[in-house]
Amino acid sequence: MEASDRDRDPDGRARNARPRDGLGRPLPYGAVGVERQPEGVVRAPDESLREAQRLLDEGKPFHAHEVLEDAWKSAPEAERELWRGLAQLAVGLTHALRGNGRGARSLVERGARSIEPYRDAPPHGVDVAGLVDWAERGAYLGAGPDTPETGGREGAVLAAPERTGAETGVDRAVIGGAGVLRLRG
């Protein structure tokens, strides 16, 4: 059997070591990309929300999705669907920014269905009602496609608190308490 020249992690699992852009798309080997999120990091829920928020603030919803996916995989059984849904919302927004409206709609709708059961008693201050409304209105569809010059449409991913609300006309949903994970379209 011939040896594979696929990228592998230290445990021998196949991994793509190509650099990636801010929306998670592979770049050619040797290109300068965005630092990738380490996989399998177990964080406290508030830490996961803060880290995902930071990445969304930087216009990196794909990378935020990776943080939320780690939270999903390590969450207690009763919260797994919440974290999975949040990860799906972030990757759906990634698709919207890449110009893939169909993929965006599919993932955002799936994410909204996953978080809907938490509406009446949302863990960790997540604004489930606001997110489901955001998804149902298709607000994320105005987010893309991105451009090579900006890495994404200006302000399409997440709004800083001082740039949200009626004064800017920004439509947003707050995922977590204290302004955590404010997605906007």
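What counts and what doesn't
Residues numbered from 1 in each chain as written. Predicted model: local features only at pLDDT ≥ 70, side-chain atom pairs only at ≥ 80, totals over all residues. Heavy atoms only, no water. Helix = DSSP H or I, 4+ residues; strand = E, 2+ residues; numbered from the N terminus. Buried < 20%, exposed > 50% of the residue type's maximum accessible area, 1.4 Å probe, protein only. Contact = heavy atoms within 4.5 Å. Areas by Shrake-Rupley, 256 points an atom, 1.4 Å probe, with all protein chains shown as cover. Axes fitted to C-alpha atoms, helices over the stretch in contact; angles between N-to-C directions. Parallel < 35°, antiparallel > 145°, perpendicular 65-115°, else oblique. Left-handed = near helix turned anticlockwise from the far one by under 90°. Nonpolar A, V, L, I, M, F, W, Y, C, P; charged D, E, K, R; others polar. Core = buried A, V, L, I, M, F, W, Y, C linked by side-chain atoms within 4.5 Å. Expected span 1.5 Å × (residues − 1). Salt bridge = Lys/Arg side-chain N within 4 Å of Asp/Glu carboxyl O. pLDDT = per-residue confidence, 0-100. Lys, Arg positive; Asp, Glu negative; His and termini not counted.

In this section: the overall build of the chain. Helix and strand counts for the chain stand at five helices and two strands. Mapped from its N terminus to its C terminus, the chain presents α and β elements in the order α-α-α-α-α-β-β. In the chain, which comprises 185 residues, the share counted as buried stands at 45%. Long-range pairs, those at least 24 residues apart, make up 55% of the contacts in the chain between residues at least 6 apart in sequence. As displayed, the chain offers around 9,700 Å² of accessible surface, 50% of which is attributable to carbon and sulfur atoms.

Two elements in contact, helix α2 (residues 61–74) and helix α3 (residues 80–97), have axes separated by 8 Å at closest approach and are oriented at 165°. Comparing their axes, α3 and α2 come out roughly antiparallel. When the axes of α2 and α3 are compared, the crossing they make is left-handed. Contacts from P61, F62, H65, L68, E69, A71, W72 and K73 of α2 reach α3 at R80, W83, R84, L86, A87, A90, V91, L93, T94 and L97. Considered class by class, the residues forming the contact of α2 with α3 number twelve nonpolar, two polar and four charged.

Of note, the phi angle at H124 is positive, near 60°, even though the residue is not glycine. Along the polypeptide, H124 turns up in the loop between α4 (101–115) and α5 (128–136). Looking at H124, the relative accessible area reads 35%, which means it is partly exposed.

A word on the nonpolar core. Core analysis: the largest hydrophobic core is formed by 32 residues, its most contacted members being L82, W83, L86, I115 and W134. Elements with a minimum of two residues in this core: α1 (45–57), α2, α3, α4 and α5.

Here the focus is α4. Taking 1.5 Å per residue as the helical rise, α4 with its 15 residues ought to reach 21 Å, and the 21 Å between its terminal C-alpha atoms agrees with that figure. Those residues of α4 that are buried lie in contact with α3 and α5.

The next point concerns the pattern of salt bridges. Where charged atoms from two side chains of opposite charge approach closely, those side chains can pair. One pass over the structure, following the stated rule, counts ten salt bridges. One salt bridge in this structure joins R50 and D46, with 3.2 Å as the shortest N-O distance. Pair noted here: R50 and D46 are both in helix α1, with a separation of four residues, about one helical turn. Note that E69 and K73 form a salt bridge whose closest N and O atoms lie 3.6 Å from each other.

Viewed as axis vectors pointing N to C, α3 and α4 meet at an angle of 160°, and their least axial separation amounts to 7 Å. If you check the angle between α3 and α4, you find them roughly antiparallel. For the pair α3 and α4, the sense of crossing is left-handed. On the side of α3, the interface is formed by E81, L82, R84, G85, L86, Q88, L89, V91, G92, L93, H95 and A96, while α4 contributes G103, A104, L107, V108, R110, G111, A112, S114 and I115. Taken together, the residues of the contact of α3 with α4 break down into eleven nonpolar, seven polar and three charged.

Attention now goes to the confidence of the model for the chain. Summarising the model, the chain shows a mean pLDDT of 73, and 68% of its residues fall at 70 or more. Of the regions scoring below 50 in pLDDT, residues 146–180 engages in 89 contacts with residues more than four places distant in sequence or in other chains.

Within the secondary structure, E79 is located in the loop between α2 and α3. Buried and without a salt bridge, E79 has R80 as its closest oppositely charged side chain, separated by 9.1 Å. Excluding residues that lie within four positions of it along the chain, E79 makes contacts with Y118, P123 and H124.

Another point: the environment of V41. Topologically, V41 is positioned in the segment before α1. With 25 residues separating them in the primary sequence, V41 and E66 have C-alpha atoms 9.8 Å apart.

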